[in-house]
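What follows is the residue order along each chain.
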Amino acid sequence: VQLQASGGGLVQTGDSLRLSCAASGDAFRQYAVGWFRQGPGKEREFVGGFGRGNSNTYYADSVKGRFTISRDNAKKTVYLQMNSLTLEGTAVYYCAASSRVILSALTSPSAYAYWGQGTLVTVSS
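The rules behind these values
- Residues numbered from 1 in each chain as written.
- Predicted model: local features only at pLDDT ≥ 70, side-chain atom pairs only at ≥ 80, totals over all residues.
- Heavy atoms only, no water.
- Disulfide = S-S within 2.5 Å.
- Helix = DSSP H or I, 4+ residues; strand = E, 2+ residues; numbered from the N terminus.
- Buried < 20%, exposed > 50% of the residue type's maximum accessible area, 1.4 Å probe, protein only.
- Pairing = 2+ DSSP bridges.

Colleague: Which parts of the structure should I look at to understand the state of the cysteines?
Modeller: By definition, a disulfide links the sulfur atoms of two cysteine residues through a covalent bond. For the structure shown, the criterion picks out 1 disulfide. Residue pairing for C21: its cysteine sulfur links by disulfide to C95, the two sulfurs lying 2.1 Å apart. Negative torsions about the S-S bond denote left-handed disulfides, and the value of about 75° found for C21 with C95 makes this one right-handed. Of this pair, C21 sits in strand β3 (residues 17-23) while C95 sits in strand β9 (residues 91-98); the two residues are 74 residues apart in sequence, bridging distant segments of the chain.

So this is what it looks like as structure tokens:
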């Protein structure tokens, strides 16, 4: 599967932004999908994601209540709606997919086999 992330840009604190992750491949709906981000000088961290078969969606505590992940199987696209962005939201955002990741490993970047190229989000004050 190939992933294409898009939608990044420059926003101000408190603004909203929606990222998209478009996938190729017929079996995409059977994949677990995660959103990750990597800020300047930081390690890549889990933002949110869901397991295979449209199971529950999980979020990092830092974004819970502000970010929402949704999925359009017909368009083979996963979205990350980000509201009330803070300066900590400045990062390159990646989507990732795996046909094998188990829920206990959902937050681990190493569990994902496929990655999009990343889209830059810059939040200014």
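Colleague: Explain the pairing of strand β5 (residues 45-50) here, please?
Modeller: In summary, the side chains of a regular strand alternate between the two faces of the sheet. In terms of burial, β5 is a largely internal element, 5 of the 6 residues being buried. Pairing analysis gives 5 bridges linking strand β4 (residues 32-38) to β5, with the strands arranged antiparallel. The residue bridging R37 from the neighbouring strand is E45, located in β5. Where β4 folds back on β5, the antiparallel hairpin that results is connected by 6 residues, among which G41 adopts a positive phi of roughly 70°. Summarising the sheet, β5 and strand β6 (residues 57-59) pair through 3 bridges and their orientation is antiparallel. What sits directly across from G48, in β6, is Y59.

So, to be careful, I would describe these as geometric facts and stop short of saying anything about function.
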